[in-house]
Amino acid sequence: MIVKKKNNQQLILSNVKTSLNDTDKKILDYGCGEGALLADLIEAGYDAYGCDIADRAQTHRIKLMDKSFKIPYPDNFFDYIVSNQVIEHVHNIEIMISEFNRVMKPQSKGLLLFPTVETFMEWHLFLPFIHWFNRFPRFQKLILYFYASIGLGHPKPSKSSKKQWVKDRSLFLQNHTRYRFRFSLIRRFKINKFDVTTIEKEFNYEKYQISAFLKLFINKITLPILLGSVFVITKK
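Parameters and conventions
Residues numbered from 1 in each chain as written. Predicted model: local features only at pLDDT ≥ 70, side-chain atom pairs only at ≥ 80, totals over all residues. Heavy atoms only, no water. Salt bridge = Lys/Arg side-chain N within 4 Å of Asp/Glu carboxyl O. Helix = DSSP H or I, 4+ residues; strand = E, 2+ residues; numbered from the N terminus. Buried < 20%, exposed > 50% of the residue type's maximum accessible area, 1.4 Å probe, protein only. Lys, Arg positive; Asp, Glu negative; His and termini not counted. Polar contact = N/O pair within 3.5 Å; in protein donor to acceptor, adjacent residues only side chain to side chain. Contact = heavy atoms within 4.5 Å. Pairing = 2+ DSSP bridges. Axes fitted to C-alpha atoms, helices over the stretch in contact; angles between N-to-C directions. Phe/Tyr/Trp six-rings, centres within 6.5 Å; stacked < 30°, edge-to-face > 60°. Lys NZ or Arg CZ within 6 Å of the ring centre and 35° of its normal.

(A) Spatial organisation of the pattern of salt bridges. Scanning all chains against the criterion turns up 9 salt bridges. Among the ionic pairs, Arg 102 bridges to Asp 75, the shortest N-O distance being 2.7 Å. Placement of Arg 102 in helix H3 (residues 93–103) and of Asp 75 in the loop between strand S4 (62–64) and strand S5 (78–84) is noted, with a sequence separation of 27 residues between them. Here Lys 236 ties to Asp 195 by a salt bridge, and the two come within 3.6 Å at their closest N and O atoms. Within this pair, whereas Lys 236 is found in the segment after strand S11 (229–235), its partner Asp 195 is found in strand S9 (residues 194–198), the two being separated by 41 residues in sequence. If you follow the salt bridges from partner to partner, you end up with Lys 26, Asp 47 and Arg 61 in one network.

Written out as structure tokens, the structure reads:
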């Protein structure tokens, strides 16, 4: 049996508090959306900022990235970066990693949560394996039609809207997701002078109450497949 105890936002805040003793440290929420996590970080006393590509919040603490995807903050500015389910949407991962390197102070850390190609479920759509076929959009549409016919996904398709349901999900996958292999991301961070530690087991054991029997099967190998990856990066 698996029972959720905490959500990602609560766990990120807990990890930040463990990593940073001083609340005057500067933190970046990369891809902060409406700023819910950012608000929690500020409430906890941290000097926190956000950036995103869309203006979905009314606060001077969030800056927009332009088409170059440069992070709009100075060099060596941040002590810590957090990112919750954003990396699978980043089109140019090399720019993102390079920008992390630029704005992070030496020896600063980042906590990154995201799914990869290996993750069996596309959690935005609640559809298994569908993101594996992003490079084959026509075949991907056929699979979407199959899922629509058996009522998979969230929200479920109605009989009268299957065609539109498939079109919407196909456009989302093709235009707004870029899934990468886990080993490839680790390699790219290391090339750009980051150390990478993977903490899926520690993170998810704190997030979920997991029965002793299931723990026999839930480990460092299976967790990224089931629930996605959790990286701690350290700038050298």
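(B) Looking closely at the side chain of Glu 88. Mapped onto the secondary structure, Glu 88 falls in the loop between S5 and H3. With no salt bridge to any partner, buried Glu 88 finds its closest opposite charge in Arg 180, at an N-O distance of 7.9 Å. At 3.2 Å, the side chain of Glu 88 and the side chain of His 124 are in polar contact. Setting aside chain neighbours within four positions, we find Glu 88 in contact with Phe 114, Pro 115, His 124, His 176, Thr 177, Arg 178 and Tyr 179.

(C) Expanded view of the sheet that holds strand S6 (residues 104–114). Read across the sheet, 7 strands follow the order S4-S3-S2-S5-S6-S11-S9 without closing on themselves; strand pairing throughout is mixed. Bordering the open sheet on either side are S4 and S9, each of which pairs with just one other strand. Each neighbouring strand pair of the sheet contributes to a mean axis angle of 20°, computed without reference to strand direction. Taken together, the 3 bridges between strand S3 (residues 47–52) and S4 define a ladder with parallel strand orientation. Bridge pairing in S4 places Asp 52 opposite Leu 64. The sheet contacts of H3 involve strand S2 (26–30), S5, S6, S9 and S11, and relative to S6 the element is tilted by about 140°. Against the sheet, helix H6 (residues 182–191) engages S6, S9 and S11, with an angle of about 150° to S9.

(D) Structural context of the packing of aromatic side chains. Under the defined criterion, the tally for this structure stands at 17 aromatic pairs. A centroid spacing of 6.1 Å and a plane angle of 65° characterise the contact between Tyr 49 and Phe 78, whose relative ring orientation is edge-to-face. Here Tyr 49, found in strand S3, pairs with Phe 78, found in strand S5; they are 29 residues apart in sequence, far enough to count as distant. For the residue pair Tyr 49 and Phe 78, the accessibility class agrees, reading buried in each case. Centre to centre, the rings of Phe 120 and Trp 123 are 6.3 Å apart; their planes meet at 85°, and the pair counts as edge-to-face. The class of Trp 123 is partly exposed, set by a relative accessible area of 35%. Over the ring of Tyr 49 we find Arg 61; its NZ or CZ atom is 4.7 Å from the centre of that ring. We note Lys 215 situated over the ring of Tyr 205; from NZ or CZ to the ring centre the distance is 4.8 Å.

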